[in-house]
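# Tertiary structure, described
Listed below, chain by chain, are the residues.
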Amino acid sequence: MTRRITRRTAIAGLSGTGASIAGLAPGLAQQGPASGSITLMAYAGIFQDLYTKHVVEPFLKKHPGVQVKYVAGGTSAAMLGQLRAQKADPQIDVVILDAGVGLIANREEIFAGVSKTDLPGLDELFPQATIQSGFGPAVTFDNLVLVYDTTKVKGTPTSLAELWKDEYKGKIGLSAVPNIQGIALTVMVAKMLGEDHTKSIDKAVAKLGELAPAVQTFDPQPDGYTMILNDAIIWATGWNARAQTYRDQSKQRLGVLLPSEGSVMQINTINLVKGSKAKPAAAAFMNYAISAEAQKAFTEAMFYSPVNKTAKISDAALGRTAAAHIDRMIAVDWGELAKVRDAWNNRWKRDI
């Protein structure tokens, strides 16, 4: 069974910063088939494996004149650091990273603008995919979850409050700010406590400070999913798409919890680096990445919620994405969160 994703409500409330990106940048329209070599920087690990198989390789078959080198980046913040270091002489053409960091890069003039002339596929995207006005669109939607070892956690947990139970002391791994997982967790804890994160995070910071002694690491390496499966920890923060994939690979040992208190939608954007020496080929890849074909393939491979509203996704896959739980997502404005990222980082360092 497949269904056409046409309901706008599937990703409503993702961001208050969406806006049309048509006509806001010089055209990169190419004459004839794309050709040349581009360097793509995006996430490492299982993301790289599946994105290469389901997006990069099919693109190369359609564009035999283009070569794509995949550079595995670290976190979005780490990728931004690399881009800053290369700003005078960019070595990367296309970057996939989270929207909060992307908005910072836009302000620093690291990314170039794009328009419908460059990416005709923009017309097929959900409105919320245009979070970066005039710049690269969303390429995936996801949400924060808690992951846990089902062999060591009794029953079926439902609440974020599980983390504060005494039996898990020293067995928790949290990805701290500036990692976007830390930002999202702060928002979720604030919601759990009835606090409006747009006005204050005092209660959330205090509550996370209470949890800190029980945390084994604030930088799970290589990631929380692997640490759980290697018996190093019992609980960790994670992203739904990766968690669903690891759950299948671990034969259900890895549990995935979408807390009853709600979760935060995460947006990955695909961006053209300003000063790229292969703009036509880069634009061709970006346009393919947001196409219905690529979106369907990657959603069904790794459970990221699609950004293309014309993609026909199987019910089984769509039901495991963020789109299936949109009513439980906490509304956030990533543009505003980008402005307070440094302040929140300082609060975590000082008080958590």
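Values in this document were obtained by computation on a predicted structure and should not be read as measured data.

## Focus on the layout of surface pockets
Approximately 630 Å³ is the volume found for the largest pocket. Lining the largest pocket are 33 residues, and of these G74, T75, N179, Q181 and P222 sit closest to its centre. At the level of elements, α2 (76-85), α4 (180-192), α6 (224-229), β9 (235-239), α7 (240-249) and β11 (263-273) are the ones that each hand at least two residues to the lining of the largest pocket. A per-class count over the lining of the largest pocket returns 14 nonpolar, 13 polar and six charged.

## Regarding empty space enclosed by the protein
Within the structure shown, the criterion is met by one cavity of 30 Å³ or more. Within this model, the largest cavity holds a volume of roughly 70 Å³. Together, Y51, V55, V139, T140, A289, A294, Q295, F298, T299, Y304, S305 and P306 line the largest cavity. Elements with a contribution of two residues or more to the lining of the largest cavity: α1 (46-62), β6 (138-149) and α9 (292-302). Here the lining of the largest cavity takes four residues from α9, the largest share from any one element. Residues of the lining of the largest cavity, tallied by class, amount to eight nonpolar, four polar and no charged.

Rules of the game
Sequence order as written defines residue numbering, which begins from 1 separately in each chain. Local features in a predicted model are, by the rule used here, given only for residues with pLDDT of at least 70; side-chain atom pairs are given and counted only at 80 or more, and totals for whole chains, interfaces and linings are based on all residues. Excluded from the side-chain calculations are hydrogens and water; all other atoms, namely the structure's heavy atoms, are used. Using a grid of 1 Å spacing that covers the protein atoms alone, one calls a set of points a cavity when a 1.4 Å probe fits there but cannot get out, and a pocket when the set is open and has protein on both sides within 12 Å along at least five of seven lines; lining residues are those with an atom within 4 Å of a point. Grid points are joined across faces, edges and corners, and a volume is the space filled by probe spheres set on the points. The way it works is that DSSP assigns letters per residue, a run of H or I at least four long becomes a helix, a run of E at least two long becomes a strand, and they are numbered from the N terminus. By the convention adopted, Pro, Cys, Tyr, Trp, Phe, Met, Ile, Leu, Val and Ala count as nonpolar, Lys, Arg, Asp and Glu as charged, and the other residues, Gly among them, as polar.

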